[in-house]
Amino acid sequence: MKIAFAASEVFPYAKAGGLGDVVGALPNELSKLGHEVKVFLPKYNTITDAEYKLRHLPELGEIPVQIAGKSYIVRVYSSSQPGSNVVFYFVDCPHYFCRYEIYTNDKDEDERFILFSKSVIEILQRLQWAPDIIHCNDWPTGLIPLLLRENYGWDSLFRNTAAVFTIHNIAYQGRFAKDVFIKSEFDSKHALPGGIAEYHGDINFLKTAILTSDIINTVSETYARELLTPEYGEGMNHYLSLRQNDFYGILNGVDYNIWNPKKDKNIPFNYSMNDVSSKIKNKKVLLTRLDLPFDENIPLIGIVSRLVEQKGFDLINSGIDQLMKLNAQWVILGNGQEIYEKMFRKMVKKYPKKVSVYLGFYDELSHLIMAGADIFLMPSRFEPCGLGQIYALKYGTVPVVRRTGGLADTVQDWNESLVSGKGTGFSFYDYSLTALVHSVRLAVNNFNNKSTWNKIQLNGMSKDFSWRKSAEKYVALYEKAAIKRRGQT
Ligand code: ADP
Ligand code: GLC
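Overview of the structure. It should be emphasised that the depicted structure is a prediction, and the values quoted were computed from it without experimental measurement. (Residues numbered from 1 in each chain as written. Chains lettered and ligands numbered in written order. Predicted model: local features only at pLDDT ≥ 70, side-chain atom pairs only at ≥ 80, totals over all residues. Heavy atoms only, no water.)

A separate point is the site of ligand 2. Contacts to ligand 2 come from 14 residues, most closely from H168, N252, E383, C385 and G386. Note that an oxygen atom of ligand 2 is positioned 3.2 Å from one of the side-chain N or O atoms of N169. G386 places a main-chain nitrogen or oxygen 2.8 Å from an oxygen atom of ligand 2. Coverage of ligand 2 by the protein chains reaches 94% of its 310 Å² of free accessible surface. If you tally residues by element for the shell around ligand 2, the top one is helix α1 (residues 18-32), at 3 residues. (Near = heavy atom within 4 Å. Polar contact = N/O pair within 3.5 Å; in protein donor to acceptor, adjacent residues only side chain to side chain. Areas by Shrake-Rupley, 256 points an atom, 1.4 Å probe, with all protein chains shown as cover. Helix = DSSP H or I, 4+ residues; strand = E, 2+ residues; numbered from the N terminus.)

Shown next as structure tokens:
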């Protein structure tokens, strides 16, 4: 199959969270299965030609792309990675993509991704490459299926191109003022009350994608079920219910070439489940770097996360003093909302001997924390899949998670599977401080029972969440989408 990916994040070029990891890995796995894959992303100013070996493609010309009748020139760059047949295409339009962050609060945020979406289609035309599948990811690419079918519907090149849309996170919907329909030039009827793109008087990119893609999926089976409920659906549950027959859950995989303590280049001491003894050396290095004392009997709890409401930090906030009574040390790496950055700053000020906080995005440190921490905490209010806990499993860093979305699908509670002895971590269901503290306490207490702890670690390290199985499920999904599209043409 020919598969085109469109996304606002692709590791190693651009990453704000797990979306980058997924679109950095899945295309390669599909390519290994014999498919022809091209990936499209914006050329942000952080993606420098020299560092990423980008090549300008003058043969594709200077592409005029319209936003509200005004023409912007787009140039195309490309790149590939050693040992992989996937080709990456970068949409270059400095006016929109030379900004301080991948996502901004600028007033033309909608225009940035309308331009990107149209550019992907324009580039496909110039390449004269008709994908069987255009795989769109999250709201920034949410208008592609509609644009493809209607604005570019005249081009028979796309007659058999099916649109698959993956919801990585329902909380980000791309909701903007109504003039999006003028900027993107889709039919104004879609912006009328009850129209495909309209949502409470605004335009909603995600809703548009849900109603116009051939197939929709999200990134775990539990989250797929949750999304159909008002509690988790964030207003989209109704539209997803309308598309229930075309809506699936496929658990993300992880790239064990990057996230594997056996060959991780970002950690000083490699180790594996055959010999976990070097893990503690990473802990020593990490603690020295953090300026915290080392004591092998005190567990180190790690958090690596976007600091946003989704991740359950208000629970931590409500019980800092209670959590600090536990005999543990803490390391937090994260960036995001000011309220949580402030909370962690306060926490480190009050408990400097127990806590270390790094506010910012720091890829190398995230690997060292995975390797050096003993416990990985992810108390999310909701979690579509979550990759952190899956990485933690492989690093023998025992996850403590709230049992929701992908966290429920990947972490097996130790206490609940005491008889089988197959548990890989600790989990709690109620979104409450009591439940959180109870689970963290259980983990801390079990840490000092070395044989139990070692068993839990090895259970986790032996789990295999590599992409192969999930990639095969995506192929099956693509086949469904292609059949559906052919049935409609
Ligand atoms: P989400 O996509 O909601 O952020 P995931 O668990 O799926 O959650 O993925 C998060 C990814 O982003 C992981 O690879 C994690 O290591 C990384 N990450 C999050 N915050 C930071 C940070 N401040 N510095 C480095 N990496 C981070
Ligand atoms: C989102 C979700 C996260 C998921 C990631 C990749 O940002 O919050 O749970 O793992 O996307 O799909």
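Another aspect to go through is unusual backbone geometry. Note the cis peptide between F11 and P12, where omega equals 10°. With respect to the helices, strands and loops of the structure, P12 is situated in the loop between β1 (2-6) and α1. For E185, which is not glycine, the phi dihedral falls at a positive 65°. In this fold, E185 is placed in the loop between α6 (180-184) and β10 (198-199). The phi dihedral of E234 falls on the positive side, at around 45°, and the residue is not glycine. If you trace the backbone, E234 turns up in the loop between α9 (230-233) and α10 (237-242). Residue class for E234 comes out partly exposed when judged on its relative accessible area of 41%. (Buried < 20%, exposed > 50% of the residue type's maximum accessible area, 1.4 Å probe, protein only.)

Further remarks concern the side chain of N217. Residue placement: N217 occurs in strand β12 (residues 215-218). The class of N217 is buried, set by a relative accessible area of 0%. Polar side-chain contacts of N217 include one of 2.6 Å to the side chain of T166. Those residues within four positions of N217 in sequence are excluded, and the remaining contacts are V164, F165, T166, I167, F247, Y248, I250, Y474 and L477. (Contact = heavy atoms within 4.5 Å.)

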